[in-house]
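Residue-level structure breakdown
Given next are the chains, with one letter for each unit.
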Amino acid sequence: MTAAADFQPETDAPETAGADENQTPAVDDDAATATDVTADADAAAPEESEPADDAPAGDAAETEQPSDETPAEESAPADVEVEVVEVDVVEVVEDSEVVAVEVIEVAEVVEDGEVVAVEVVDVVVEAAPSADEPWGRVDEDGTVSVREADGWRVVGQYPDGSAEEALAYFERKYTDLASEVTLLEVRHRRGGASASDLRSTARTINGKLDGAAAVGDLASLVARVAALTETLAAESATEAVAAREAVDDAVKARTELVDKAEALAARDPRTVQWKQATAELNSLFDQWQSQQQNGPRLPKSTAQQLWKRFRDARATVDKHRRAFYAELDEAHKDVRDRKTRLVEKAEALAPKGEDGIPAYRELLDQWKTAGRAGKKVDDALWARFKAAGDALYGARIEREAADAEASREKIDLKRALLEEAKAVGDERDIAKARSILTGIQRRWDEIGRIFPRDTERSLDDELRRVENALRTREDADWKRNDPEQKARANDMTRQLTDAIQKLEDELEAAKKSGDKKAIANATDALEARRTWLKALGG
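Criteria and thresholds
- Residues numbered from 1 in each chain as written.
- Predicted model: local features only at pLDDT ≥ 70, side-chain atom pairs only at ≥ 80, totals over all residues.
- Heavy atoms only, no water.
- Salt bridge = Lys/Arg side-chain N within 4 Å of Asp/Glu carboxyl O.
- Helix = DSSP H or I, 4+ residues; strand = E, 2+ residues; numbered from the N terminus.
- Buried < 20%, exposed > 50% of the residue type's maximum accessible area, 1.4 Å probe, protein only.
- Core = buried A, V, L, I, M, F, W, Y, C linked by side-chain atoms within 4.5 Å.
- Contact = heavy atoms within 4.5 Å.
- Pairing = 2+ DSSP bridges.
- Axes fitted to C-alpha atoms, helices over the stretch in contact; angles between N-to-C directions.
- Expected span 1.5 Å × (residues − 1).
- Arc of directions from axis to C-beta.
- Polar contact = N/O pair within 3.5 Å; in protein donor to acceptor, adjacent residues only side chain to side chain.
- Lys, Arg positive; Asp, Glu negative; His and termini not counted.
- Parallel < 35°, antiparallel > 145°, perpendicular 65-115°, else oblique.
- Left-handed = near helix turned anticlockwise from the far one by under 90°.
- Nonpolar A, V, L, I, M, F, W, Y, C, P; charged D, E, K, R; others polar.

Some thoughts on the pattern of salt bridges
Throughout the structure, instances matching the rule amount to 22 salt bridges. The closest approach of N and O atoms between D259 and R309, which form a salt bridge, is 3.1 Å. On the criterion of sequence distance, the pair formed by D259 in helix α4 (residues 218-266) and R309 in helix α6 (residues 300-348) is long-range, its members being 50 residues apart. Look at D259 and you get partly exposed, because its relative accessible area is 40%. Its relative accessible area of 29% is what places R309 among the partly exposed residues. Measuring nitrogen to oxygen at the nearest pair gives 2.6 Å for the salt bridge that ties R443 to E420. Note that R443 is positioned in helix α10 (residues 430-447) and E420 in helix α9 (residues 408-426), a separation of 23 residues in sequence. Taken together, the shared-partner salt bridges connect D259, E262 and R309 into one network.

Okay, structure coming up:
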């Protein structure tokens, strides 16, 4: 049985009660076999009216007229299968002796692949061989009595039939009661129903057995129901403990959800990522509903207290979210107005063409610091602002394209001058080389600027290399012809010459003495001095 919802958070609607499973199976009074009884939701059967002891014989015949025909079984729908899955043989024992045998056929009703009901298909009560007197008797006036421990008890009258028919009628009443007891025992053995529900059914059956208008071993049925009730009482206690534990676990789980919701509500609204927080709160609410619908029912006071905390936390989060977005909307409005003015200023620069680019760059710097106005608004305003800038830069591109077209002849002229400049490096006379380069530079400047700029930079770099090479030659020539430089060089040459002469004398002396170490030192020093002298041009 699915537990009813504890408390409906969305609508605060009253709780919906679950289906009542503590109902008594319906039994056909006139049928020789037990009728179909579902195990999940047993239909409540009206109590049969017993003939009063002082009622006239004719009235009893009218109220409890037996039927010799067994009602036809209702045909099952096309998608319903009925399959016999169990045959039980139950012995009824009294004083350690088998006094009767019940042969029970139990079937499952299967619909769309699922068991939807359990049926007692047939119950046949066969009395065991006994020397005792029969369970029922019929007087000459049709009064039927049943044998009990304290004597005979009148159960009704059957004046319009034979004694056998009268006994058969009230024995069928007993069979119906026995089938209810057996079905209760089968449901207990098969499991699926709670002990408390089975106890309720047992109480109902026990009430039917008390003074029942039936012929048979009613005492054995009462004993079986009493034994099963005792077993169910112990199981009910176990179920109660498990139910309390389940409620405690459910309260703990609900409390955890409440704590998480309250933690969200306690956060600083300025630091919350509201999209993520909203998704998290919705997840907590879905978990709450799932526990409410599928979990055990909580005590009303506890459920209401937890729901009030959860509801208040949700309301706080929603309040903070609304305030945050209201403030954000106001900030977006200010940014939108500021950026709209920047767009209007940028669009007003269009008549200036390329000359409006510096002013546009200033507006672009202001745009970058203006803030956000929301994605859609920002995208729309940026499209207008960019279009205004594209118009200005488009004018520059058009001008540069025209300049590039006009620069083609200038590029050819400058490349021709670079060919002439090669003669500067080939000219040995530095003064004449300088004269050639000066003439080339003069004509280079007369040609003027060219476009695109990268082509101009490339040509200027080639001419600059020629200029640098000539300047290097001039610097070297100046150093060679500098009087002070020449005097220093002559003094150094004289010192090196004296040192070389002295080292040659030392080498000669070392050779005569045969001192190999002295010969090696003098030779190395002599080679170094000669190299220095050669570098000075000596």
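A short note on the nonpolar core
Of all hydrophobic cores here, the largest spans 21 residues; its most connected members are A261, L281, L284, W288, L298, F310 and V317. For this core, the elements supplying multiple residues, two or more each, are α4, α5 (274-294) and α6. Looking at which element gives the most residues to this core, the answer is α4, with seven residues. Other than its neighbours up to four places away in sequence, V317 contacts A261, L264, A265, W274 and L281. Of all hydrophobic cores here, the second largest spans 17 residues; its members include L198, L221, V225 and L232.

Let's talk about the sheet that holds strand β5 (residues 143-148)
The antiparallel open sheet is built from three strands, whose spatial order is β4-β5-β6. Of all strands in the sheet, those with a lone pairing partner are β4 (136-138) and β6 (151-157), marking the two edges. Adjacent strand axes in the sheet meet at a mean angle of 30° when their direction is disregarded. With six bridges connecting them, β5 and β6 associate as antiparallel partners.

What about α5?
Note that an α-helix has 3.6 residues per turn; residues three or four places apart therefore point the same way. The terminal C-alpha atoms of α5, which comprises 21 residues, lie 30 Å apart, in line with the 30 Å expected from a rise of 1.5 Å per residue. Looking at α5, one finds that the buried residues are W274, A277, L281, L284, F285, W288 and Q292. Taken down its axis, α5 places every buried residue within 95° of arc, on the same side. Counted as exposed and oriented over 90 degrees from the buried face of α5: K275, Q276 and N294. Structurally, α5 contributes buried residues whose contacts are with α4 and α6.

Some thoughts on helix α13 (residues 516-535)
Over its 20 residues, α13 extends 29 Å from the first C-alpha to the last, a length consistent with the 28 Å expected when each residue adds 1.5 Å. If you check which residues of α13 are buried, you get A522, L526 and L533. Viewed end-on, α13 has its buried residues packed into an arc of 35°, placing them on one side of the element. Facing away from the buried side of α13, by more than 90 degrees, are the exposed residues K516, K517, D524, T531 and A535. Capping the start of α13 is the job of one residue whose side-chain oxygen sits 3.2 Å from the backbone nitrogen of K517: D515.

Focus: the side chain of K414
Mapped onto the secondary structure, K414 falls in helix α9. Lacking a salt bridge, the buried K414 has D460 as its closest oppositely charged neighbour, with an N-O distance of 4.4 Å. Not counting chain neighbours up to four residues away, the residues in contact with K414 comprise W444, I447, G448, I450, L459 and D460.

Quick word on the environment of D139
Locating D139 in the fold gives a position in the loop between β4 and β5. Judged by relative accessible area, D139 falls into the partly exposed class, the value being 32%. Sequence spacing of D139 and P159 is 20 residues, and the spatial spacing of their C-alpha atoms is 9.5 Å.

Focus: the packing of α5 against α6
Interhelical geometry of α5 versus α6 gives an angle of 160° and a closest axis separation of 12 Å. What the angle tells us is that α5 and α6 run roughly antiparallel. α6 is crossed by α5, and the crossing has left-handed handedness. In this structure, α5 contributes W274, T278, L281, L284, F285 and W288 to the contact, and α6 contributes L306, W307, F310, R314, V317, H320, R321, F324 and Y325. A breakdown of the residues in the contact of α5 with α6 according to their chemical character gives eleven nonpolar, two polar and two charged.

Here we look at the environment of D217
Along the chain, the position of D217 falls in the loop between α3 (195-209) and α4. Separated by 81 residues in sequence, D217 and G136 place their C-alpha atoms 9.6 Å apart.

Regarding the pairing of β5
A large share of β5 lies buried, amounting to five of its six residues. In this sheet, β5 lies alongside β4 in antiparallel orientation, the contact comprising three bridges. Note that in β5 the partner of V138 across the bridge is V144. Here β4 hands over to β5 after four residues, with G142 in that stretch at a positive phi of 90°. In sequence, β5 turns back onto β6 through a hairpin of two residues.

Scope: geometric values only; no functional claims are made or implied.
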